[in-house]
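What follows is the residue order along each chain.
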Amino acid sequence: MAILVTGGIGYIGSHTCVELLNNGYEVIVMDNLSNGNIISLHRIHELTGNQIKFYNVDLLNRDRLEDIFLENKIDVVVHFAGYKAVGESVEMPLCYYHNNVTGTLILCQVMQKFNVKRMVFSSSATVYSVRGDEPICEEFHLGATNPYGRSKLMVEEIFRDLYASDNNWSICLLRYFNPIGAHPSGRIGEDPNGIPNNLMPYITQVAVGKLKELRVFGNDYPTPDGTGVRDYIHVVDLALGHLKAIEKVKSTIGVEAYNLGTGRGYSVLEMVQAFEKVSAKKIAYNIIGRRPGDVAVCYADPSKAKRELGWVAERGIEEMCSDAWRWQLNNPNGYIEEPPAIIKV
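Caption draft 1: Structural view of the sheet that holds strand 6 (residues 170–176). Taken together, the seven strands give an open sheet; going across it, the order is 3-2-1-4-5-6-11, and neighbouring strands pair in parallel fashion. Edge strands, defined here as strands with exactly one partner in the open sheet, are strand 3 (53–55) and strand 11 (254–260). Looking at each pair of strands side by side, their axes are set apart by 20° on average, direction ignored. Note: strand 5 (residues 118–124) against strand 6, seven bridges, orientation parallel.

So this is what it looks like as structure tokens:
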């Protein structure tokens, strides 16, 4: 079975490709390299012993996208491609709507043309209108608080309209909470462009000496220590959730949403403490103002994914921190340079 993975050499995409290959799938990747590095493709081959057919194509390029479908018999699309930074989306909303929404519209039109109607979509917990501190289930009120989340929510609604017009479609909407960690080999991991937008790579870059201190966005939230609380999930657990979702769309029709999270929230300062424990590194931090678009508490009720997909997050917070630290130690500058040897943690 052939799986087209859009955005397949980015952080979550690369880990998902490893799991797909290890489970016998044929993998075709398209990526415009805006959030990924071609070195990760070589690392995927190294980890799995399998080759990937790769296309350097932007999702907005309809003609090149059609070429991929002409050249390959695709069974399922796993759709990661999209811009993903909350803060940047507030500053550049039109860019986010154009890339994330228009790109997905083009993808759906091409899929429809080639009669490929099975998709797993990389959505986000930011589609929820978070008001309190209760675990978020899939029936929770939708209403994103930033353009990034609204772009994901718009795409979800497009998929529902698409299915209403053609009941042959089968689409899983995977609403991620906060992916962290890395492959336990230390060979692939999160490699942000410039200053990281996400917490864990910021912490690891402080620990390795690339950044002076962690910026903590706000300590006046209604949480135990005043810092924001999030549900952090190991990226390998997240990748395995996509394999379960592929099994689902192969055997059913319709559009269904699933939370992928652990069901447990940790504050920013709790994450700092957990990382310090596994790394034996002291993390300097500075409290600054809240970041636009952020909410106080956000953690999952993942029971639907357990019940209907047979998926459960298995890796704990210390393993997440340890794997993230191993990746950073072995790749202090990301995929830019090859270290002489793997460092064991």
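Caption draft 2: The packing of aromatic side chains, seen in detail. Scanning the model with the defined rule gives six aromatic pairs in all. Over the ring of F217 we find R291; its NZ or CZ atom is 4.8 Å from the centre of that ring. The aromatic ring of Y258 is capped on one face by K304, whose charged end is 4.9 Å from the ring centroid.

Caption draft 3: Representation of the confidence of the model for the protein chain in the model. Looking at the protein chain, pLDDT values average 94 and 97% of them are 70 or higher. Segment residues 339–345 is flagged for pLDDT under 50; beyond a separation of four residues in sequence, or across chains, it makes 13 contacts in the model.

Caption draft 4: View of unusual backbone geometry. In this model, L33 sits at a positive phi of 70°, which is unusual for a non-glycine residue. Tracing the sequence through the fold places L33 in the loop between strand 2 (26–30) and helix 2 (39–48).

Caption draft 5: Local environment of the packing of helix 7 (residues 199–207) against helix 9 (residues 268–279). Running from amino to carboxyl end, helix 7 crosses helix 9 at an angle of 45°, the nearest separation of the two axes being 11 Å. It follows from the interaxial angle that helix 7 and helix 9 lie oblique. Every pair of crossing elements has a handedness; the one defined by helix 7 and helix 9 is right-handed. Note on element contacts: helix 9 touches helix 7 through V268, M271, V272 and F275, opposite L199, M200, I203, T204 and A207.

Caption draft 6: Spatial organisation of helix 9. A rise of 1.5 Å per residue sets the reference length of helix 9, with its 12 residues, at 16 Å; its end C-alpha atoms lie 16 Å apart and thus fit the reference within 8%. When helix 9 is considered as a whole, its buried residues turn out to be V268, L269, M271, V272, A274, F275, E276 and S279. Among the residues trailing helix 9, A280 stands out with phi positive, at a value near 60°.

Caption draft 7: Looking closely at empty space enclosed by the protein. In the structure shown here, the tally under the stated rule is one cavity of 30 Å³ or more. Each pocket or cavity is described by its volume, and for the largest cavity that value is around 40 Å³. For the largest cavity, the full set of lining residues is H79, A81, G82, N100, T104, F121, S151, K152 and V155. For the lining of the largest cavity, the elements supplying multiple residues, two or more each, are helix 5 (93–113) and helix 6 (147–165). Counting residues per element, the lining of the largest cavity draws most heavily on helix 6, which supplies three residues. Taken together, the residues of the lining of the largest cavity sort by class into three nonpolar, five polar and one charged.

About the cut-offs
Residues numbered from 1 in each chain as written. Predicted model: local features only at pLDDT ≥ 70, side-chain atom pairs only at ≥ 80, totals over all residues. Heavy atoms only, no water. Pairing = 2+ DSSP bridges. Helix = DSSP H or I, 4+ residues; strand = E, 2+ residues; numbered from the N terminus. Axes fitted to C-alpha atoms, helices over the stretch in contact; angles between N-to-C directions. Phe/Tyr/Trp six-rings, centres within 6.5 Å; stacked < 30°, edge-to-face > 60°. Lys NZ or Arg CZ within 6 Å of the ring centre and 35° of its normal. pLDDT = per-residue confidence, 0-100. Contact = heavy atoms within 4.5 Å. Parallel < 35°, antiparallel > 145°, perpendicular 65-115°, else oblique. Left-handed = near helix turned anticlockwise from the far one by under 90°. Expected span 1.5 Å × (residues − 1). Buried < 20%, exposed > 50% of the residue type's maximum accessible area, 1.4 Å probe, protein only. 1 Å grid on protein atoms, 1.4 Å probe; cavity = no way out; pocket = protein on both sides within 12 Å on 5 of 7 lines; lining within 4 Å. Points joined across faces, edges and corners; volume = space filled by probe spheres on them. Nonpolar A, V, L, I, M, F, W, Y, C, P; charged D, E, K, R; others polar.

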